[in-house]
Amino acid sequence: MLQPESSLQEECLRSMEGELNSIKRFRSSGGKTLGYLCRGFPPSIAAGLGFRPVRVLQDASVESENQGGKLVRQDICPLIKVFLGGIDSGRNLFGLIDVWMGLATCDQTRRCFYALADMDNVTVHHLQLPATRSQSAAEYFSDQLRQFCCDSRDLYGFEYSAERALDYSINLWKAGNILRKATLTRQMSPIDLHWLFHLFLIGDPDGLAETLLSLLEKAEPFTPEYMIAIAGGPLALEDTWVLQAVQSKNAGVIPLHCAGLQLAPFGGLNETPVTGTIEELAGRAFRDIRCARSRPNAEMFQYINDSISDTSCDGLILKTLKFCDLWFTERERFRSSMNVPVLVLDTSYGEGEAERQRNRVDAFLETLAL
Ligand code: SF4
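Residues numbered from 1 in each chain as written. Predicted model: local features only at pLDDT ≥ 70, side-chain atom pairs only at ≥ 80, totals over all residues.

Visitor: When you look at the site of the ligand in this model, what are you seeing that I'm missing?
Guide: Close to the ligand lie C38, R39, G40, T105, G233, P234, C258, I289, C291 and R293, which account for all nearby residues. Each residue belonging to the shell around the ligand can be placed in one class, and the counts come to five nonpolar, three polar and two charged. When residues are assigned to domains, the shell around the ligand turns out to be shared by domain 1 (15–162) and domain 2 (188–271 + 286–369), each giving three or more. (Near = placed C-beta within 6 Å. Nonpolar A, V, L, I, M, F, W, Y, C, P; charged D, E, K, R; others polar. Domains from an automatic or database assignment.)

Here it is, written out as structure tokens:
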């Protein structure tokens, strides 16, 4: 687990421990948790069924990567290895998940969820997120989620409640909007912001907006001299070395990856869901994704370029995970189509990784600071 280094981070850790305790109580009273990995899955649908949804992006360490590496072939993304290693060990949050959403987004996630389905005492629901951006692909995604709801009724006796889903969704949007506003002040320390987004990933949205507001009051002033956007694969909780490198040069971060600003509502509170139906929530999840895997993915490039302009970022770090072709194959397009200098980092959670790459980050930041 990442160690806190500021009073806001200490409070965040306490809130995260509180969330883990509430998950334990929820399970001991008969509730079921649903774990997922990709931002494309709409947690409100799981909440509408009565699950407690949790996006598990934690435990990124050499040990987890090595442990998970024994369960799949070696040329698999480190995040997938960490995920499998965490489930295999039952460590921390991984040990509190009853059902996994096997949302396949690439060959590697597909392999991961099939390996998971072979493990004892692990339940996986398979789901395809089509890469094609079309109306029929959106409808196909929605159909699969409807099927998941039918399966949950048959398997667990869960009935979908649009009212419950809507309530969850609106609370989530309120909390996300607070994080969006905090990010856009450009006055948050990169690591503080990272902790807040990770609390958002595991927190029960009911009351989360208030918790985030009270945590933000504890934020120490941070006045960056310049700003760096970060895009690419999601950053796990412990994956902070790039943020530390940026923060140590007195630069701020705009996190444009799918564990950062993409979690916050795109259209602000005016665009909160209105019905809570499966169709509405599935459609929004499909529409709002800004991922390199989308075909075409021009919207993702536009989103990153626009966000960089809107937030006056001076450079972009594209942080990919080794063997994740989704992002790495786009590196030349990033270099040629962004309006700011781009540094591409292909990373793992392995021994010495931060030290190996740190010089490149420092050199990049020095060129921007001149
Ligand atoms: S990078 Fe894309 S495929 Fe991977 S978790 Fe994020 S949204 Fe999903």
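Visitor: Explanation requested: the sheet that holds strand β5 (residues 226–232) in the structure shown.
Guide: Two strands in a sheet stick together by hydrogen bonds in their backbones, pointing the same way (parallel) or opposite ways (antiparallel). Strand order in the open sheet formed by four strands is β6-β5-β7-β8, with parallel pairing between adjacent strands. The two strands at the open ends of the sheet, each matched to only one other strand, are β6 (251–255) and β8 (342–347). Neighbouring strand axes in the sheet, compared pairwise and without regard to direction, differ in orientation by 25° on average. Sheet analysis places β5 next to β6, joined by five bridges and oriented parallel. Along β6, the bridge assignment pairs I228 with V253. In the packing of helix α12 (residues 298–310) onto the sheet, the strands contacted are β5, β6 and β7 (315–321), and the crossing angle to β5 comes to about 165°. (Pairing = 2+ DSSP bridges. Helix = DSSP H or I, 4+ residues; strand = E, 2+ residues; numbered from the N terminus. Axes fitted to C-alpha atoms, helices over the stretch in contact; angles between N-to-C directions. Contact = placed C-beta atoms within 7 Å.)

Visitor: Can you walk me through the environment of M188 in this structure?
Guide: Here M188 is to be found in the loop between α7 (162–184) and α8 (190–202). Given 24 C-beta atoms within a 10 Å radius, M188 is considered buried. Those residues in contact with M188, other than ones at most four positions away along the chain, are A182, T183, L193, A219 and F222. (Buried ≥ 20, exposed ≤ 12 C-beta atoms within 10 Å, placed from the backbone.)

Visitor: I keep staring at the packing of helix α3 (residues 62–69) against helix α4 (residues 78–89) and nothing clicks. Help me out?
Guide: For any two helices packed against each other, one specifies the inter-axial angle together with the distance between the axes. It is at 6 Å that the axes of α3 and α4 come closest, and there the two elements cross at 85°. With respect to α4, the axis of α3 lies roughly perpendicular. For the pair α3 and α4, the contacting residues are S64, E65, Q67, G68 and G69 in the first and P78, I80, K81, V82, F83, L84, G85, G86, D88 and S89 in the second. For the contact of α3 with α4, a count of residues per class yields five nonpolar, seven polar and three charged. (Parallel < 35°, antiparallel > 145°, perpendicular 65-115°, else oblique.)

All we've got here are geometric facts, nothing functional implied.
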